[in-house]
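Here are the chains, one letter per residue:
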Amino acid sequence: MRPVRPVVLSVVVLSVLLLEPLRHVVLTVLRWPFAVVRQTAGIVATLPHLSALREEHDRLRADTLQQQLELARLREVLRQSEASGRIVEAHPAVRGLVGHVIDRSRVPTQQTVLIDRGTRHGLRVDGVVLDADGVAGRILEVHPDTALVLLVTDADSRVAVLIERSRETGLLVGRSQGTCAVRYLDLDADVEEGDRVVTAGLGDAVPKGLPVAVVTRVERDALRGTAQAAAKPSADLGRLEEVLCLLD
Amino acid sequence: MSARLSAAFAACAVGHMALDGLIASPWCVPDLTLVGMILVVMRAPSAWWAASLAAGFLTAAWAIRGAPSIFALYLAAGWSLAAMARQWDLEDPRIEGLFVAVVCAVLTLAFVTLDGAWSWSMVGYLLLRALATVTAWMVVRPLAARWLTS
């Protein structure tokens, strides 16, 4: 084999990886085999748990019914409250789109997932992605049919946050190890283990008050005069399957 | 590279995808794509470039930072392995296992360095990934040997 062939092929492959239009094509083409493999593996993994899943399904249906009754009761309270002239501040309506995770980064230090929604579905860069428990990440790259989501645990992830209980502000930074840290807290910041961390709502993209993480440990550095808190993401990032992508 | 060797590599890459979907922590997922690449290079050193290109491409396709560096790392790893495979008799499976552990650890260390994610706890994660990859290699190697010689 002539030595020029590997060089030419390397350049071609590198171009495919780096040139934006070609990268779109690669991600679009690769999503199908990845999706098939992932779905099949998911089905096989689910089979032993079918009976437990059925029980859980029945229990969740019962919970849903109970919650609907509770919702009806709360609506009535709200109506009475409005009628009595009190001001009710409703959260702005959030529009979302459900997407499915179809692949995950092969590089363990780069914590990203690929979802099967893209510009065709109205997604845009920096959009927030949630799972049932909280913020999973933000959209980093968006292609016609896919989007790459930077998880909150990635080292490049930065989210302005509040400690829900004490309203202390900080910056949630990923650590690439499945955990995060709330940085830039004051030395005497009122933060404790178990505190919920929510989005601060700074900027346009991230609504305020979404759960992001839970504090697991507080480290205070008297020399630097600051504190930081280790935090576990609220979202189950290791087992993300369905996500909600917030739309404008 | 023979058709059977290509099939073995493809099976490793697909297995990597499947495990990626099943195991929650990315650090516990064995790098089966790398295992496939090493299996190929050890048996057909002249095909190092094809195996490295494919493994580098499949890994770097999802990279958000340093895709060219990651791709180049796989090429360098493939070239180095091929050079060693040409120089020495590498029949002993323990040598191949050692290569899997060392290359996986070096590549992971390079990822950590490229991403500036270094911390002492990373050493544990790095070893965990190398251990998972060597364990996967211990399972895959006899299967691949049977498939390649049948």
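Since we're looking at a predicted model, the values are computed, not measured.

(A) Structural detail: the nonpolar core. Counting residues in hydrophobic clusters, the biggest one holds 63 residues, and the most contacted among them are Leu34, Met37, Tyr74 and Leu81 of chain B. Look past the residues within four positions of Leu81 of chain B in its chain and what remains in contact with it is Met37, Ile38, Val41, Met42, Phe99 and Val103 of chain B. With 41 residues, the next largest nonpolar core counts Val101, Leu151, Ile163 and Ala213 of chain A among its residues.

(B) Expanded view of the sheet that holds strand β6 (residues 158-163) of chain A. All names here are of chain A. If you trace the 6 strands once around the closed barrel, you get β6-β7-β8-β11-β10-β9, paired in antiparallel fashion. Neighbouring strand axes in the sheet, compared pairwise and without regard to direction, differ in orientation by 40° on average. Here strand β10 (residues 211-221) runs beside strand β11 (residues 226-233); their pairing, made up of 8 bridges, is antiparallel. Note on β11: the bridge partner recorded for Glu219 is Gln228.

(C) Spotlight on empty space enclosed by the protein. Taken as a whole and judged by the stated rule, the model has 2 cavities of 30 Å³ or more. Empty space within the largest cavity amounts to approximately 50 Å³. For the largest cavity, the full set of lining residues is Arg38, Val101, Arg104, Val113, Leu237, Gly238 and Leu240 of chain A together with Asp20, Gly21 and Ile23 of chain B. Those elements that provide at least two residues to the lining of the largest cavity are β1 (95-104) of chain A together with α1 (3-22) of chain B. When its residues are assigned to classes, the lining of the largest cavity shows 5 nonpolar, 2 polar and 3 charged. Put simply, the second largest cavity is a space of about 40 Å³. What lines the second largest cavity is Ser105, Arg106 and Pro108 of chain A together with His16, Asp20, Pro26, Val29 and Arg129 of chain B. Residues belonging to the lining of the second largest cavity are distributed by class as follows: 3 nonpolar, 2 polar and 3 charged.

(D) Looking closely at the packing of aromatic side chains. Residue and element names in this part refer to chain B. Scanning the model with the defined rule gives 2 aromatic pairs over all chains in all. Ring geometry for Trp27 and Tyr125: centres 5.3 Å apart, planes at 45°, overall tilted. Here Tyr125 lies in helix α6 (residues 120-149) and Trp27 lies in the loop between α1 and α2 (32-43), a separation of 98 residues in the sequence. Here the aromatic rings of Trp118 and Trp120 are separated by 5.9 Å at their centres, their planes lie at 65°, and the arrangement is edge-to-face.

(E) Representation of the sheet that holds strand β4 (residues 134-142) of chain A in the model. All names here are of chain A. Taken in spatial order, the 6 strands close into a barrel running β1-β2-β5-β4-β3-β12, and their pairing is antiparallel. For this sheet the average axis-to-axis angle between neighbouring strands, irrespective of direction, equals 45°. Pairing geometry for β4 and strand β5 (residues 147-151), over 5 bridges, is antiparallel. Note that in β5 the partner of Glu141 across the bridge is Leu148.

Rules used in this analysis
Residues numbered from 1 in each chain as written. Chains lettered and ligands numbered in written order. Predicted model: local features only at pLDDT ≥ 70, side-chain atom pairs only at ≥ 80, totals over all residues. Heavy atoms only, no water. Core = buried A, V, L, I, M, F, W, Y, C linked by side-chain atoms within 4.5 Å. Buried < 20%, exposed > 50% of the residue type's maximum accessible area, 1.4 Å probe, protein only. Contact = heavy atoms within 4.5 Å. Pairing = 2+ DSSP bridges. Helix = DSSP H or I, 4+ residues; strand = E, 2+ residues; numbered from the N terminus. Axes fitted to C-alpha atoms, helices over the stretch in contact; angles between N-to-C directions. 1 Å grid on protein atoms, 1.4 Å probe; cavity = no way out; pocket = protein on both sides within 12 Å on 5 of 7 lines; lining within 4 Å. Points joined across faces, edges and corners; volume = space filled by probe spheres on them. Nonpolar A, V, L, I, M, F, W, Y, C, P; charged D, E, K, R; others polar. Phe/Tyr/Trp six-rings, centres within 6.5 Å; stacked < 30°, edge-to-face > 60°.

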